[in-house]
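So you can see what is in the structure, the chains are spelled out below.
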Amino acid sequence: MNSIHDDTCPSFEGTLELIGRRWTGSVLQAADRGARRFSEYRAMIDGISDRLLSQRLKELEAAGLIERTVIPTTPVQVRYQLSPDGQALVDALLPLAQWSMHRSGPRGAGRVPSST
């Protein structure tokens, strides 16, 4: 792929929509840092509500980026981890994270280009 304007555009747009949702990046980061149980995700993501965390985990699972495993103990334990596709996405986002950190330096300080 040489451009974001080739035949993969619908897939690309869908991926951007998914990862652009509020808290999705934080959930992916927590998964990449080793979070497994719901409570671990909640502890790693300051400010997220239980409802939103549950929703994002379900969305990422439906997209095949998070794998959910139920361990039949008493009480039942549920664990979440990145799927191979989820890990590939996190790896693909690393250059974007580095670009963002570069832009937030003293000169760029989080500036967004003007549309005028």
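The structure presented is a predicted model; accordingly, all values stated were derived computationally and were not measured.

A. Molecular detail of the overall build of the chain. Looking only at helices and strands, the chain has five helices and two strands in total. Evaluated residue by residue, the chain yields a buried proportion of 24% over its 116 residues. Here the contacts in the chain between residues at least 6 apart in sequence split such that 40% fall between residues at least 24 apart. Within the structure as shown, the chain displays about 8,200 Å² of accessible surface, and the carbon and sulfur contribution to it stands at 53%.

B. Representation of the pairing of strand β1 (residues 66–71) in the model. Alignment of β1 against strand β2 (residues 77–82), held across six bridges, turns out to be antiparallel. In the strand pairing of β2, Ile66 is matched with Leu82. Adjacent in sequence and paired antiparallel, β1 and β2 are bridged by five residues.

C. Highlighting the nonpolar core. Core analysis: the biggest nonpolar cluster contains 21 residues, and Val27 and Tyr41 have the highest contact counts within it. Once residues within four sequence positions are removed from consideration, Val27 is found in contact with Tyr41, Ile45, Ile48, Leu53, Arg56, Leu57 and Leu60.

D. A look at the packing of aromatic side chains. Counted by the stated rule, this structure contains one aromatic pair. On the numbers, 6.2 Å between centres and 90 degrees between planes, the contact of Tyr41 with Tyr80 is edge-to-face. Taken together, the positions of Tyr41 in helix α3 (residues 38–44) and Tyr80 in strand β2 put the pair 39 residues apart, joining distant regions of the chain. Just as Tyr41 is buried, Tyr80 falls in that class too.

E. A look at the confidence of the model for the chain. For the chain, per-residue confidence averages 87 on the pLDDT scale, and 84% of positions sit at 70 or higher. Here helix α1 (residues 9–19) stands out as the least confident element of the chain, with mean pLDDT 85; helix α4 (residues 50–62) is the most confident, with 97. Confidence over residues 110–116 falls short of pLDDT 50; this stretch has five contacts with residues more than four positions distant or in other chains.

Reading the values: rules and limits
- Residues numbered from 1 in each chain as written.
- Predicted model: local features only at pLDDT ≥ 70, side-chain atom pairs only at ≥ 80, totals over all residues.
- Heavy atoms only, no water.
- Helix = DSSP H or I, 4+ residues; strand = E, 2+ residues; numbered from the N terminus.
- Buried < 20%, exposed > 50% of the residue type's maximum accessible area, 1.4 Å probe, protein only.
- Contact = heavy atoms within 4.5 Å.
- Areas by Shrake-Rupley, 256 points an atom, 1.4 Å probe, with all protein chains shown as cover.
- Pairing = 2+ DSSP bridges.
- Core = buried A, V, L, I, M, F, W, Y, C linked by side-chain atoms within 4.5 Å.
- Phe/Tyr/Trp six-rings, centres within 6.5 Å; stacked < 30°, edge-to-face > 60°.
- pLDDT = per-residue confidence, 0-100.

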